[in-house]
Every structure is written in structure tokens, then in C-alpha cells.
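Below are the chains, spelled out letter by letter.
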Amino acid sequence: MILKKHTLIVTLLLIFSVSKVLAGVSIAVKVNNTIISSHDIKRESLYLKALNTKLENLDNKQILRIAKESIIREKIKLIELNKYYVLDQSNPLLDKVVKDFYLKLNMQNEIEFENHLKKYDLNISEIKKKIEIETTWNDLINNNYRNQIKIDKNKLLEKIDNLKADKQKKSYLLSEIVFEIKVGQSIDQVFFKIEESIKEIGFENTANIYSITDSSKFGGKIGWVDEENLAPIIKSEIQKINLEGYTKPITINNNLLILKLQDTKEEVVKINKSLLLDEMMRYEFNTQLSKYSKIYYNKVKINTEIYEF
């Protein structure tokens, strides 16, 4: 009976697929009972190009492959979120996240952001839907793992207490590629492929292809990071490279991290120890949350049926 039901579903999907092909749209992927069409993938490719304009340097086949992987990840998250949340864009914090979004793209206001999106036949409502999925996913991870996140506040306070009232603050403008090693692979094998990709299409586009973090949509862009927030091993590796260079793979939380150094800046600042502690705790919290996000996503993905047509 189960086999017959499955066969019926596949048959209906094929019939639907044929009708859509005639209309110029075909079914590309089925994620559980959610259909992803060729049109959906095309829209996703426009979205990704809006976030990382360097993707336009790739051929269309490469862009569509990246877009397909991106929208599959989104649909997997959305299916899980729909078990616990109603997504309706009514969260008052969404506008703040949208602002952070366009500031990350070096835009000054929402009007400038909307004009940028129009170049890719996109609108702010579509982007808000996508941002809401990511922010709600982070909320889900926070609710599930907050008790497992451990921050040594005393250690951070000790570090802050050793600082002078005025200090030379150094910050790095960083981008990242975070990747995993699968069974049968070696670090050298994967790193070689990534390096070849960086040489051919650049760091940002390679991040879109290989990186497993949400920053991949922005070409791996992290932004400015205070040197004080970096783990000693990361700080050490960054200090070995020149501007526009990138590190060798760094092992972090069972993943491997490659960092590109885009710029540095130094400034004398007056230390507000309370604000600095908040900043350091927030950075540590987000770092650990990212680790648990990947763990949870992998668990969900294992139990998700994905059919590619």
C-alpha cells in the first residue's frame, strides 16, 4: 500500500512536471512534499547575484547549480520551521535585520536597497520572506541549544581587566569559507579544490559554492572583527597573511575555516569595559550558535526526502 501511494505521488508529480515543461517551467527538486521548480531556482539565482554581484562573472550553469543548493537548504529549514512557527513577516525585529542586511551590502538605506533589488527583478517583500526564514531558524536553534552554550564570563572579564583605559584597537575585515570533510576525503584534497576554485573564480564566488555557513550568500563576507574577539589560533593565522591573502584551513568546531583578510584598521579608543564585555559575549554566543545550527540542520536533512528530477 505504501509503495502504491508513493508510486501515485511520483506519477502525479511527473504529470505535473510535463504540464509545467510545456509552460516553460519544470520541476527540478522535490523536498518532502515541497516542489522546487526551475523558475524557483532562477529566482534564487537572482537573489544570490543581488547579494554577491561577483557571481555574475560565472557561467549560467554554475550559478544555477549554486542557486539549487541554496534553495534546497532554505526549503529544508522552512519545512522544519513550519512545525513550530507561523511565518507572516509581522515580527517587529524584522526591519532591524533588514537594515543590518543592506548595511552589510554597503547601502545606506532601504530605498537604496530596493533600487538595487529592482536591477535583479526582486522586491523587498521577497527578501523579507527569506530573511524571516533565517532569523526564525536562529530563534529555533537558540531555543533548542541555549542551555548548551557555555561562555566563560570570568575569562572574558580577566582579559578586559588587563586592558588599559585607552588602547590601540586593531580590527580585521574578513571573509570566510567554512567547509566539512566527508568520509573518504582528506583536508588536502578538499583544500586543493577550493584553492583551484579561488584562483579561477575568486574567493567570494568560491564561498558561494563550498561554504556551509549563511555568510556564503554574501560571498563569505563576515565584516569587521575586533582582534580581541578572535581565538588565539585564528589571530595567529591571520597575522601570517598579507592583505587579500587567505589562511590555510583552521580547525574550528569540527569544521574547517579559511579566512580572507580584506583590510585592517587601527584606532585609539577609550575602553568601555561593560560594552566590550557585551560585545565579546555576543560574539562568542553567535559563534557557538552557528556550530549548533549546523548540527541541527544536518539532523533535519538526514530525515528529509530529496528527489532531483
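Residues numbered from 1 in each chain as written. Predicted model: local features only at pLDDT ≥ 70, side-chain atom pairs only at ≥ 80, totals over all residues. Heavy atoms only, no water.

Chemist: For this particular structure, what's the right way to read the overall build of the chain?
Modeler: Along the backbone of the chain there are eleven helices and seven strands. The C-alpha radius of gyration computed for the chain amounts to 21 Å, which stays within 12% of the reference 19 Å derived for 309 residues, consistent with globular compactness. Across its three principal axes, the chain shows a C-alpha extent of roughly 70 × 50 × 40 Å. Here the chain, with 309 residues, has 42% of them falling under the buried criterion. In the chain, once contacts between residues fewer than 6 apart in sequence are set aside, the share between residues at least 24 apart is 72%. Accessible area for the chain stands at about 17900 Å²; split by element, carbon and sulfur atoms hold 52% of it. Charge-centre separation for the chain: the mean point of 49 positive side chains lies 4 Å from the mean point of 43 negative side chains. (Helix = DSSP H or I, 4+ residues; strand = E, 2+ residues; numbered from the N terminus. Rg over C-alpha atoms; globule rule 2.2 N^0.38 Å. Buried < 20%, exposed > 50% of the residue type's maximum accessible area, 1.4 Å probe, protein only. Contact = heavy atoms within 4.5 Å. Areas by Shrake-Rupley, 256 points an atom, 1.4 Å probe, with all protein chains shown as cover. Lys, Arg positive; Asp, Glu negative; His and termini not counted. Charge placed at Lys NZ, Arg CZ, Asp CG, Glu CD.)

Chemist: I would appreciate a short explanation of the packing of aromatic side chains in the present structure.
Modeler: The way to describe two aromatic rings as a pair is by their centre distance and the angle between their planes. The tally for this structure, following the rule as stated, stands at eight aromatic pairs. Judged by centre distance (6.4 Å) and plane angle (75 degrees), the ring pair of Trp-137 and Tyr-297 falls under edge-to-face. Of this pair, Trp-137 sits in helix H6 (residues 124-145) while Tyr-297 sits in helix H11 (residues 273-302), and the two are 160 residues apart along the sequence. According to the relative accessible area criterion, Trp-137 is buried, its value standing at 0%. (Phe/Tyr/Trp six-rings, centres within 6.5 Å; stacked < 30°, edge-to-face > 60°.)

Chemist: Would you take a moment to explain the nonpolar core for this structure?
Modeler: Across soluble globular proteins, nonpolar side chains have a tendency to be buried as a group. In terms of nonpolar packing, the biggest core is built from 45 residues, with Phe-101, Phe-113, Leu-122 and Ile-127 touching the most fellow members. Elements with a minimum of two residues in this core: strand E1 (27-31), helix H2 (38-51), helix H3 (60-81), helix H4 (94-104), helix H5 (110-118), H6 and H11. No other element matches H6, which puts eight residues into this core. In this structure, Leu-230, Ile-241, Leu-259 and Leu-261 belong to the second largest nonpolar core, which totals twelve residues. (Core = buried A, V, L, I, M, F, W, Y, C linked by side-chain atoms within 4.5 Å.)

Chemist: When you look at the layout of surface pockets in this model, what are you seeing that I'm missing?
Modeler: With a probe scaled to a water molecule rolled over the atoms, the places where space remains empty come into view. Of the voids in this model, the second largest pocket is the one considered here, and its volume is about 750 Å³. Of all the secondary-structure elements, those providing two or more residues to the lining of the second largest pocket are H3, helix H8 (187-201), helix H9 (203-210), H11 and strand E7 (306-308). When residues in the lining of the second largest pocket are grouped by element, the largest group, five residues, is from H3. (1 Å grid on protein atoms, 1.4 Å probe; cavity = no way out; pocket = protein on both sides within 12 Å on 5 of 7 lines; lining within 4 Å. Points joined across faces, edges and corners; volume = space filled by probe spheres on them.)

Chemist: Which parts of the structure should I look at to understand unusual backbone geometry?
Modeler: Across the chain, the bulk of peptide bonds are trans and the bulk of non-glycine residues have phi less than zero. One non-glycine residue, Asn-32, lies in the positive phi region at around 55 degrees. A relative accessible area of 24% means that Asn-32 is categorised as partly exposed. The backbone of Asp-121 shows a phi angle near 60 degrees, a positive value even though the residue is not glycine. If you trace the backbone, Asp-121 turns up in the loop between H5 and H6. In this structure Asp-121 comes out as exposed when scored by relative accessible area, which is 54%.

Chemist: Looking at this structure, I do not really get the sheet that holds strand E2 (residues 34-37). What am I missing?
Modeler: Note on sheets: strands pair through backbone hydrogen bonds, and any given pair is parallel or antiparallel. The antiparallel open sheet is built from three strands, whose spatial order is E2-E1-E7. Strand pairing shows two members of the sheet lacking a second neighbour, E2 and E7, which therefore form its edges. On average, each strand axis in the sheet is inclined to that of its neighbour by 20 degrees, with strand direction left out of account. The sheet contact formed by E1 and E7 spans three bridges and is antiparallel. Across the sheet, the residue bridging to Val-31 is Ile-306, located in E7. Along the sheet, H2 contacts E1 and E2; its crossing angle with E2, the most-contacted strand, is approximately 65 degrees. (Pairing = 2+ DSSP bridges. Axes fitted to C-alpha atoms, helices over the stretch in contact; angles between N-to-C directions.)

Chemist: Could you clarify how one ought to interpret the confidence of the model for the chain in this entry?
Modeler: Note that predicted coordinates carrying low pLDDT should not be read in detail. Residue-level pLDDT values for the chain average 88, and 91% of them are 70 or greater. For the stretch residues 1-5, pLDDT sits under 50, and the model shows zero contacts to residues farther than four places along the chain or on other chains. Every residue in residues 17-22 is under pLDDT 50, and counting partners more than four places away or in other chains gives five contacts. (pLDDT = per-residue confidence, 0-100.)

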